[in-house]
Amino acid sequence: MKFIQNIFKLTVVFMMVGGIFCVVGNAKSSVNEEAVKQLRKSGDYDSLQKTFADSMGNMENESPAQAAAQNKVVGIGQPTKSFGESVAISGDTAIVGAPLSNFGPNVEQGMAFIFVKNGASWTQQGLLLASDGALFDNFGSSVAISGNTAIVGAEMDDVNGVTNQGSVYVFVRNGNSWTLQTRLTAPDGAADDRFGGAVAFNGAALVVGASGDDVNSNINQGSAYVYAQVGNGWNFLEHIFATDGAATDFFGGSVSISGITIIVGAASADINSNNSQGAAYIFSSAGNGFEQQAKLVAPDGAASDSFGNGVSIFENTAIVGAYLDDIGTNNNQGSAYVYVKNGNVWTLQAKLFAADGALVNEFGGSVSISYNKIIIGAERNGNIGAAYVFVRNSGTWKLQNKLVPADGVTNDNFGASVAISGNNVIVGADRDDIGNNADQGSAYLFNVVNRTPDDFDGDGRSDISVFRPSNGSWYINQSTAGFTGVTFGLGTDLLAPADYDGDGKTDVAVFRNGNWYYLRSTTNSFVGLTFGLAGDVPIPADYDGDGKADVNVFRPSDGGWYRLNSSNGAFVGQTFGQNGDKPLIADFDGDGKTDITVFRPSSSAFYSLDSSSGNFRGAVFGFGTDIPTLGDYDGDDKTDISVFRSSDGGWYRLNSANGAFVGQTFGQNGDVPVAADYDGDGKTDVAVFRNGEWYRLNSINGAFVGQSFGFGTDKPIPAALQ
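Residues numbered from 1 in each chain as written. Predicted model: local features only at pLDDT ≥ 70, side-chain atom pairs only at ≥ 80, totals over all residues. Heavy atoms only, no water.

Secondary structure summary: the protein chain contains three helices and 54 strands in total. Here the protein chain holds 722 residues, and 55% of them are scored as buried. When the accessible surface of the protein chain is split by element, carbon and sulfur atoms take 49% of a total near 27,300 Å². (Helix = DSSP H or I, 4+ residues; strand = E, 2+ residues; numbered from the N terminus. Buried < 20%, exposed > 50% of the residue type's maximum accessible area, 1.4 Å probe, protein only. Areas by Shrake-Rupley, 256 points an atom, 1.4 Å probe, with all protein chains shown as cover.)

Before going further, it helps to spend a moment on the side chain of D640. Along the chain, D640 falls in the loop between β46 (627-628) and β47 (641-645). No salt bridge forms around the buried D640; measuring N to O, its nearest opposite-charge neighbour R653 is 5.1 Å away. In this structure the side chain of D640 is engaged in a polar contact, spanning 3.3 Å, whose partner is the backbone nitrogen of D634. (Lys, Arg positive; Asp, Glu negative; His and termini not counted. Salt bridge = Lys/Arg side-chain N within 4 Å of Asp/Glu carboxyl O. Polar contact = N/O pair within 3.5 Å; in protein donor to acceptor, adjacent residues only side chain to side chain.)

In this section: the sheet that holds strand β37 (residues 526-530). Reading across from one edge, β34-β35-β36-β37 is the order of the four strands in this open sheet, with antiparallel pairing throughout. Both outer strands of the open sheet, β34 (494-495) and β37, are each paired with one neighbouring strand and no more. Direction of pairing for β34 relative to strand β35 (residues 509-512): antiparallel, over a ladder of two bridges. Residue L495 lies in a different strand from β35, and its bridge partner there is V510. (Pairing = 2+ DSSP bridges.)

On to the sheet that holds β47. In space, the four strands of this open sheet follow the order β46-β47-β48-β49, with antiparallel pairing throughout. Strands with a single pairing partner mark the edges of an open sheet, and in this sheet they are β46 and β49 (661-665).

Among the nonpolar cores identified, the biggest contains 21 residues, and I240, F251, I262, V264, Y281 and F283 are the most heavily contacted of them. Broken down by secondary-structure element, the contributors of at least two residues to this core are β12 (195-201), β13 (205-210), β14 (223-230), β16 (254-258), β17 (261-266) and β18 (279-285). Sequence-distant contacts of F283, defined by excluding residues within four places in its chain, comprise I240, F241, F251, I260, T261, I262, V264, F290, E291, Q292 and Q293. Counting 18 residues, the second-largest nonpolar core is a separate cluster that includes A336, I376, F390 and W397. (Core = buried A, V, L, I, M, F, W, Y, C linked by side-chain atoms within 4.5 Å. Contact = heavy atoms within 4.5 Å.)

Our focus in this paragraph is the pairing of strand β11 (residues 177-184). Working note: regular strand, side chains alternate between the two faces of the sheet. Of the pairings in the sheet, the one linking strand β10 (residues 167-174) to β11 comprises seven bridges and is antiparallel in character. Residue pairing for β11: V168 is matched across the bridge by L184. Once β10 ends, the chain turns through two residues before running back antiparallel as β11, passing G175 with a positive phi of about 70°.

Evaluated as defined, the whole model comprises 37 aromatic pairs. Seen in terms of ring centroids, F414 and F446 are 6.4 Å apart; in terms of plane orientation they differ by 85°. Their pairing is edge-to-face. Taken as a pair, F414 in strand β28 (residues 414-421) and F446 in strand β30 (residues 442-447) lie far apart in primary sequence, 32 residues in all. Taking relative accessible area as the criterion, F446 reaches 2% and is therefore assigned buried. One aromatic cluster is present, built from ring pairs that chain together F195, Y225, Y227 and F236. Geometry around F711 places R468 over its ring, the cationic atom sitting 3.8 Å from the centre. (Phe/Tyr/Trp six-rings, centres within 6.5 Å; stacked < 30°, edge-to-face > 60°. Lys NZ or Arg CZ within 6 Å of the ring centre and 35° of its normal.)

Looking now at the pattern of salt bridges. Under the counting rule described, the total for this entry stands at 18 salt bridges. For D132, the salt bridge identified is with R183, shortest N-O distance 3.6 Å. A residue pair is termed long-range when its members are at least 10 positions apart, and D132 in the loop between β7 (121-128) and β8 (139-146) and R183 in strand β11 qualify at 51 residues. Residue classification places R183 among the partly exposed positions, given a relative accessible area of 31%. A salt bridge links D244 to K295; its shortest N-O distance comes to 2.8 Å. In this pair, D244 is assigned in the loop between β15 (233-240) and β16 and K295 in strand β19 (residues 290-296), connecting sequence segments 51 residues apart. Linked by salt bridges that have partners in common, K72, D407 and D432 make up one network.

Laid out in structure tokens, this is it:
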């Protein structure tokens, strides 16, 4: 009854502004140590330092522009401690380690938990335990996951009476159940090797760190072991270690693998006279085993930086954390270094650090990379912890998000562990107190997709852009990269700009009588495919939540929606709507997947199906002659119902965050609404196009901006899919 009363009150208020609303449904250069020595002797070290300075120009550190919705999870089924000390994620499945958890009488035996994404929420799917577990095994000290295979390290496990040799457990999923497949141990294991202290798995090959392994006479030099998955079994491939390793390097304290390339951290390695400056090593396989390809050291490194404490690699890009690096006068603020491979040479692309960092933030203690996104943990930031998401555009890394827990308190250690897969991010807070349970721990999951529409340079800001039918040309005023133009399409084509390759940049695209043509921004390569019929309306968007736009059409003749999911190539068809409806792009439930949505002018109604639950939504809002201008105006990652009324230049909307009605006048009769996020704050800006002139109000500061770009006969691209 209270809900109905509230709706009635809202309706009365909205009647005062024209009967607008009524609810009708339920609504650094890569150098080795010897190179540094030679450069110092020759006096040419300045050139190396210049390279480092240039790399600093490849980072834009600024305030985070976009927020991200978060889900908090804790382990269910067993009491936990240090839950979140290790995390990993693969698509919509995540794993969290809790190595200090007691199981029955076994103190700190440890455990791990599996979580899966359902719509916008994450729920626990499995609890993983060692069938032969014992006290102080620290099962869950490291975790990795790929597809239906999960890896759990137990670095303090005693193997056949050998103390703290360590082991690794492999689990596989069948349906919704997880079962133990095998237990792996080092073929030459010894006491205190701590085999399993770090693990990485790429779906075919497994890397296991053993940072306490003695190599020859070098105590605690450390090593790593490589295994291959063959059917349901595992074959030991190789034992790798640094060719120049020394005692107490603790090589293997961190590991990562991508394809045939492995990176291993040795955070305690001495570089020249700098004790524990740290190093990272790259190994690559050409079919005859893994060979050391490069040794990475920070060109500005210093003693006790712990460079290599965290490592991650994706294709030809590697990131190395140095969580005790001093930034200016801030001791142990921390940093991370990004390297890229050209041929077989690894060079420094950027050094990253938090612009708002302070002493003892320990930024870089954990790192992870996926495609052009990096997440870096800073577990001491603000005494609560934080994680930073950076995105790469044209070789420059820019801060996209600073993630903090909504309920964080002092000493949570949020950022103790981080992992990213596509647009899904998980952050561990292993000392979070849950109720009266001290240091029980938790983990937070975020979706950090760049949802900015019409963002051709991937900087998180929509670009002013037009299509000129007279010559089939696209003219784009990129907000960071500057002006660009390309001839692509015919004057009669329907525009279909979207991010088809998932790099965070909008791709030039057209739809022509059932044929799709687009240019991938990643490779500038042409793609053409037939999907749909003449008369269909293209409505490309990310319906399956993989961060890539799916080819999709709405067929007015039968109200059908037909698409190809980019994640798996599956065809999906369903009827929703009728002839005369206008298909729209929206995400009302905020799960990162586009909801099927239409506006029906005949009844001034918006109808949609939540992708997370399949629930139907319906709302009458505005007049039939209004132009839908859906967007996220309040920055809560959910679409707000909004319209532009050309007759009076009015913008009317309902904020999803609080249900508040907002009405304002901006524009005049004949204007084309071009609402988008031009200032990059994660909120849609009110904007219009008028005969080659662009006018907008920046949501970040309320500033009015006017700019000339295009001709009156041009089609403004931000209006193409409205």
